[in-house]
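# Examining the three-dimensional arrangement
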Amino acid sequence: MSIPIKPEQILLVKEFFNKCKTNPEILHQPNLYFIKDLIEFFGGKIPKVNRAEKGESPSKRSEDTNASKEPEPKSESEESDLELDMSAVIEPDTDAPQKMGNPTLQPTEEEIAESQVKRSEAVSAFAENAYEKAIELYTEAIVMNPQAALLYAKRGQIFLLMNKPNACVRDCNRALELNPDSAAAHKFRGRAYYLLGKFEEAANDLRLACKFDYDEEADEWLREVTPNARKIEEHKRKKVRKMQEKLEHEVKERLNKTRENVKTYEENTRTSQTDFSGEKMADFYKFLNDIGTLNAIKDPEIAEAFKEISANPANILKYQNNPKIMDFICSSMFSGAGARMTTPKPEPQDDVGLD
């Protein structure tokens, strides 16, 4: 929706820019730091003030510098260490990855049959606690039929019993690629994650295992890992809350600082002889410090306009017939402030408006 631009509004903008152009020292005032930052952000440059020529001592400069600095916020106390039960965690295995077979191979009926024979032999070896032999037989079965998800899950189970959780995870990952609903793969990977100290991942896998095909062992493992998983989840929620509270505090501090800057400048300008009123100045730098303004200048056209105006305030005249730019400047700058402004008589050449 287009907002009419009054001539006196353009005059106020022009008056401020002309004042800064003839007396750039204005922008070095601590309470106008955000205007200076904005100009420099878009490539503008503000002349430095030679305080020696003004007869100010180095100590005075130091006082001014210190006065412009905000006190360092007190750092929050570090969160207490998360106390977890690590009694079941073991040292991770570092063996070379086991053979997985060709994932693109489509086995023949004969290869599938041979794979089933090897699987039966592996089950017998497993029953006799001959884990190494069982691993070899399951590997042979996998090579002949690499599309059988259960073969990987069963070999992963043996790796788990041999305290090789990383190898178990690799096998279960492949099994779940082939069959995402494999209860056995979720169960054994969940236990492997538990042994590796990855409690949240372990709880998620074991919940899925019980969901797809409940068994008592998976439920028992889930009950073991749940306390640690809940502590971690609560710890993360607490951390998020602290971050939100910190952000809210910083926003409030910034708003309070802005209000103080406005009040300080208005008090200073009451006793000065400048013809640029404190209320008008307050309106203008409230506009520049407004969050909506900062978001709006992300628009490339508006950003380019501000860059030119920052380098030379007189460049605003180039945009007096541009509805988009002038709507942004004047609507943001004068919303809610028009009733307080002293309206000057417009000069004929500045009589510009939009319907």
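Residues numbered from 1 in each chain as written. Predicted model: local features only at pLDDT ≥ 70, side-chain atom pairs only at ≥ 80, totals over all residues. Heavy atoms only, no water.

A few words now on the overall build of the protein. Of regular secondary structure, the protein possesses 14 helices and zero strands. Each helix and strand of the protein, placed in order from N terminus to C terminus, yields the pattern α-α-α-α-α-α-α-α-α-α-α-α-α-α. Expressed as a percentage of contacts within the protein between residues at least 6 apart in sequence, the contacts between residues at least 24 apart total 64%. Summed over all atoms, the accessible surface of the protein reaches about 21600 Å², with 50% contributed by carbon and sulfur. (Helix = DSSP H or I, 4+ residues; strand = E, 2+ residues; numbered from the N terminus. Contact = heavy atoms within 4.5 Å. Areas by Shrake-Rupley, 256 points an atom, 1.4 Å probe, with all protein chains shown as cover.)

Formed by 40 residues in total, the largest nonpolar core has its most connected members in Leu 160, Cys 168 and Val 225. Counting only elements with at least two residues in this core, the list comes to helix H4 (109-127), helix H5 (131-144), helix H6 (149-161), helix H7 (165-178), helix H8 (183-195), helix H9 (199-212) and helix H10 (216-271). With seven residues, the single largest contributor to this core is H6. Sequence-distant contacts of Cys 168, that is, excluding residues within four places in its chain, are made with Gly 156, Phe 159, Leu 160, Phe 188, Arg 189 and Ala 192. Of all hydrophobic cores here, the second largest spans 17 residues; its members include Phe 16, Ala 305, Ile 316 and Met 326. (Core = buried A, V, L, I, M, F, W, Y, C linked by side-chain atoms within 4.5 Å. Buried < 20%, exposed > 50% of the residue type's maximum accessible area, 1.4 Å probe, protein only.)

In this fold, Lys 187 is placed in helix H8. A distance of 2.8 Å separates the side chain of Lys 187 from the side chain of Glu 217, its partner in a polar contact. With residues up to four places along the chain from it excluded, the contact list for Lys 187 reads Leu 206, Ala 209, Asp 215, Glu 217, Ala 218 and Trp 221. (Polar contact = N/O pair within 3.5 Å; in protein donor to acceptor, adjacent residues only side chain to side chain.)

Between the first and last C-alpha of H9 there are 20 Å, a value that for 14 residues agrees with the 20 Å anticipated at 1.5 Å per step. Regarding H9, the residues found buried are Phe 199, Ala 202, Ala 203, Asp 205, Leu 206, Ala 209 and Cys 210. (Expected span 1.5 Å × (residues − 1).)

Turning next to the pattern of salt bridges. Scanning the model with the defined rule gives 13 salt bridges in all. A salt bridge links Asp 215 to Lys 187; the shortest N-O distance between them is 3.3 Å. Taken together, the residues span a long stretch of sequence, with Asp 215 in the loop between H9 and H10 and Lys 187 in helix H8 at a distance of 28 residues. Given a relative accessible area of 9%, Lys 187 falls into the buried group. One salt bridge connects Asp 205 with Arg 189, and the closest N-O pair in it is separated by 2.6 Å. Here the residue Asp 205 occupies a position in helix H9, and Arg 189 occupies one in helix H8, the gap between them amounting to 16 residues. This pair shows no difference in class: Asp 205 is buried, exactly as Arg 189 is. (Salt bridge = Lys/Arg side-chain N within 4 Å of Asp/Glu carboxyl O.)

Moving on to the packing of H4 against H6. The description of two packed helices rests on the angle between their axes and on the distance between the axes. Interaxial distance between H4 and H6 falls to 12 Å at its minimum, and their mutual angle equals 20°. The angle between H4 and H6 falls in the class roughly parallel. Judged by the twist between their axes, the crossing of H4 over H6 is left-handed. Contact residues: Ser 115, Arg 119 and Phe 126 in H4; Leu 150, Leu 151, Gln 157, Ile 158 and Leu 161 in H6. Of the residues assigned to the contact of H4 with H6, the class counts are five nonpolar, two polar and one charged. (Axes fitted to C-alpha atoms, helices over the stretch in contact; angles between N-to-C directions. Parallel < 35°, antiparallel > 145°, perpendicular 65-115°, else oblique. Left-handed = near helix turned anticlockwise from the far one by under 90°. Nonpolar A, V, L, I, M, F, W, Y, C, P; charged D, E, K, R; others polar.)

Inspection of the entire model under this criterion finds zero disulfides. Free of any disulfide, Cys 168 has its nearest neighbouring cysteine sulfur in Cys 172, separated by 4.0 Å. A relative accessible area of 0% places Cys 168 in the buried class. (Disulfide = S-S within 2.5 Å.)

Looking now at the packing of H8 against H9. Put simply, H8 and H9 touch, their axes get as near as 7 Å, and they point 155° apart. Considering the angle they form, H8 stands roughly antiparallel to H9. Seen from above, H8 lies across H9 with left-handed handedness. Taken together, the residues of H9 that come into contact with H8 (itself represented by Ala 183, His 186, Lys 187, Arg 189, Gly 190, Arg 191, Tyr 193 and Tyr 194) are Phe 199, Glu 201, Ala 202, Asp 205, Leu 206, Leu 208, Ala 209 and Phe 212.

Of all residues in the protein, 67% have pLDDT values of 70 or greater, and the mean over the chain is 77. Here residues 51-80 scores under 50 on pLDDT; set against residues more than four positions off or in separate chains, the count is 14 contacts. Across residues 273-277, confidence stays below pLDDT 50; counting only partners more than four residues off in sequence or on other chains, it has seven contacts. (pLDDT = per-residue confidence, 0-100.)

This part is about H4. At 3.6 residues per turn, the α-helix brings residues three or four places apart onto the same side. Over its 19 residues, H4 runs 27 Å from end to end, which matches the ideal 27 Å to within 8%, given 1.5 Å per residue. If you check which residues of H4 are buried, you get Ser 115, Ala 122 and Ala 125. Taken around the axis of H4, the buried residues stretch over an arc of 75°, which confines them to a single face. Exposed side of H4, more than 90 degrees from the buried face: Glu 109, Glu 110, Gln 116 and Ala 127 are the residues found there. On its buried side, H4 packs onto H5 and H6. With its phi angle positive at about 65°, Asn 129 sits one or two positions after the end of H4. (Arc of directions from axis to C-beta.)

With that settled, consider the side chain of Arg 174. The topology assignment puts Arg 174 in helix H7. The buried category is assigned to Arg 174, whose relative accessible area is 17%. Setting aside residues up to four positions removed in sequence, Arg 174 forms contacts with Met 100, Gly 101, Pro 103 and Tyr 152.

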